[in-house]
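Structural features, examined
Below, each chain spelled out in residue letters.
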Amino acid sequence: MSGSDQGMVEEFFDEIDPVVFAFGALLTLGVIGAFFVSPSTVESGISSLNSQLLGAFNWAMLLIVFLIVLFLLFLIVGPWGGIKLGDESPEYSFLSFFAMLYSAGFAAGVVFWGPTEALFYYDNPSPLFDGVEGGTAEAMTVAVQQTLFHWALPQLAVFTIMGIAIGYFAYNYEDVPLRVSSALTPLIGADNLDGPFAKVVDILAVFATIGGVATSLGFIGSQFVTGLDYQWGINMGDIGILLVVTMMTLLFTTSMVLGVDRGIRRLSNFNMILFVALMFVTFVVGPTLFLLLVGTQAFGGMITDFISMSLFTGAGPMGAGDTGATGWMNAWTVFYWAWALSWSPFAGLFIARISKGRTVREVAFTGIVATSAATIPWFTFVGGTAVWAQHNGIADFSAVISGEAGAEVSGFILFEALNFTLNLGGTSMTIPIGSVLIYAFMILVTTFFVTSADSSTLAVSMMTTGGKAKPSNINRIFWGVVLGMTAAILMILGGTGSANTLQQAAIITGTPFAFVCFLAMIALIRDFGANYQQVLLQKETVLYGSSESSSSQSAARSAESDDD
């Protein structure tokens, strides 16, 4: 072994947190191995636990996410927004910061669900909108509105609150590492960040990140493989899937090893350019006026109904059991919130990593407002075009809606149906640009796969090194391989139900992070209130009983009264 290789190995062993690394790796690899040994046993156990957690804590996830959104909006407009994460200048330009935050956060899911999700709500609207029948013109607007709600403020909020909390305590406190448990510093104490509770939080963060992100990458990978089969008749099979995932793993591992500056930043900027271009072309080639009308109305409906949509639990006669409104809410809104929460440790840690030197207001604004400004047009133009095409018979998504075909097919059906008509001197010429859009869509799927994977792998490497901002290449490569293996298993087992089980496992790990995110918000409120401007209660305010000052003042007033 050469001296440089030996140095890399020594660096790897010196930097890792043995407890978090060992338990995180063993827990993740143990779940992967269990699927091969007895998938049915693991499936039934996880499915049962998943049902119990949804039944017990679905209301908590809805309420906590809603409160976090309100708090972040307050940070944007309130006096605490000027608080800075550290005392240095920002490391990246705002556009690069925004592109990395967006690409790393959940852009892979945005690409996957963009042409698909509104179709399901068009066919089966939320029970909250009682009286709206599926497949009608009215259902088109409701479908786009529900999609905007799911992919705008709330999902982004759980990433952002963790990013602000981790970054603030890591950059503004001494000897606080850049890791997930640091978000709870005021609650558990800076001296206890190496204690058992902090270790449990960090271990769960590793497992949640691997499970949640691998599930998403499994979806995106399946979309890529399905595109090859749908468009060109290339049936990959299990070996082909392994080859595709291996290729993508090499891509995102290379990008990750290059680092944030040369790898993730540049690829994220390219992603956003292609993302905007594909969205704009869909808007121009699609039903432009309809998209403007339905988008405006759906956005207004989302703002008007935001509170009721956020806190809708399906309670009442129609909500009894899994077949009523509660079942619909669990299948969509709660599922999305739990999935986002399983991403929150990775996304929050990565956001903290790139946010040094920025103000709380800037991070909160970028995290929930600027990213929503990119997400809302995408789902309006792409999702709205898909609903319009289905409603008017331009394209047929019935197999997707009924479940006969996977949701990953929708993008290819949509873009294949789009054509551009050019009028030249009274002569109309139809240009079939669908094939070009499909190529662009495939590239976008691949590049978002890579950016989501390399940023999440970087975050897991940071988690397992006690918060080191630049982990060793061996550490990054190890977790990149684990993440690629998990995504490949999800894709291979996609038709057996086991993949659904691992997805449920990601939801299970996401549920505890609802409470971690809530505690992170409480930690920020406690610290900001103690060290900066009080915004609600004075420092002298006593919640119960009486203070010494108030008692002495009362006694003084009583004495004055007696003297009179």
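One structure accompanies this document, and this report is about it. Given the structure is predicted, the values throughout are model-derived calculations rather than measurements. (Residues numbered from 1 in each chain as written. Predicted model: local features only at pLDDT ≥ 70, side-chain atom pairs only at ≥ 80, totals over all residues. Heavy atoms only, no water.)

Some details on the pattern of salt bridges
The cut-off we apply is this: The term salt bridge refers to a pairing of a side-chain nitrogen on Lys or Arg with a carboxyl oxygen on Asp or Glu at a separation within 4 Å. The secondary structure listing takes helices from DSSP runs of H or I that are at least 4 residues long and strands from runs of E that are at least 2 residues long, numbered from the N terminus.
Taken as a whole, this structure holds six salt bridges when the rule is applied. When the shortest N-O distance is used, the salt bridge between D194 and R179 registers 2.7 Å. You can see D194 sitting in the loop between α9 (185-188) and α10 (196-232) and its partner R179 sitting in the loop between α8 (153-172) and α9, a full 15 residues away along the chain. The partner of R179 in a salt bridge is D202, and the shortest N-O contact between them spans 3.6 Å.

Concerning a nonpolar patch on the surface
Going by this rule: Residues qualify for a patch when their relative accessible area is over 30% and they have no salt bridge, like charges being joined within 9 Å and the nonpolar side chains of Val, Leu, Ile, Met, Phe, Trp and Tyr within 5 Å. Each accessible area is a Shrake-Rupley result for a 1.4 Å probe, and residues are judged covered by the shown protein chains and nothing else. The classification of residues rests on relative accessible area computed with a 1.4 Å probe and restricted to protein chains. Under 20% of the type maximum is buried, over 50% is exposed, and intermediate values are partly exposed.
A grouping of W59, L63, L67, L70, L73, I307 and L311 is seen on the molecular surface, where their side chains present a nonpolar patch of about 600 Å² in accessible area. Ranked by residues supplied to the nonpolar patch, first place goes to helix α3 (residues 39-77) with five residues. Residue placement: L67 occurs in helix α3. What makes L67 partly exposed here is its relative accessible area of 32%.

Thoughts on the nonpolar core
Put simply, the rule is: Working definition of a nonpolar core: buried Ala, Val, Leu, Ile, Met, Phe, Trp, Tyr and Cys residues. They are joined through side-chain atoms within 4.5 Å. Contact criterion: two residues are considered in contact whenever any of their non-hydrogen atoms come within 4.5 Å of each other.
Counting residues in hydrophobic clusters, the biggest one holds 163 residues, and the most contacted among them are L72, L75, W113, I161, M162, W378 and L524. Broken down by element, the residue count for this core peaks at 20 residues, all from helix α14 (residues 325-354). Excluding anything up to four places from it in sequence, W113 contacts F120, W151, W332, Y336, W339, F379 and A407.

Focus on helix α7 (residues 137-151)
What counts here: The span you would expect from a helix comes to 1.5 Å times its residue count less one.
Between its first and last C-alpha, α7 extends 22 Å over 15 residues, near the 21 Å set by a 1.5 Å rise per residue. Across the 15 residues that make up α7, a large majority, 13, are buried.

Comments concerning the side chain of Q145
Position of Q145 among the secondary structure elements: in helix α7. Judged by its relative accessible area of 5%, Q145 falls in the buried class.

A word on the environment of M309
Structurally, M309 can be placed in helix α13 (residues 306-310). Separated by 181 residues in sequence, M309 and L128 place their C-alpha atoms 7.5 Å apart.

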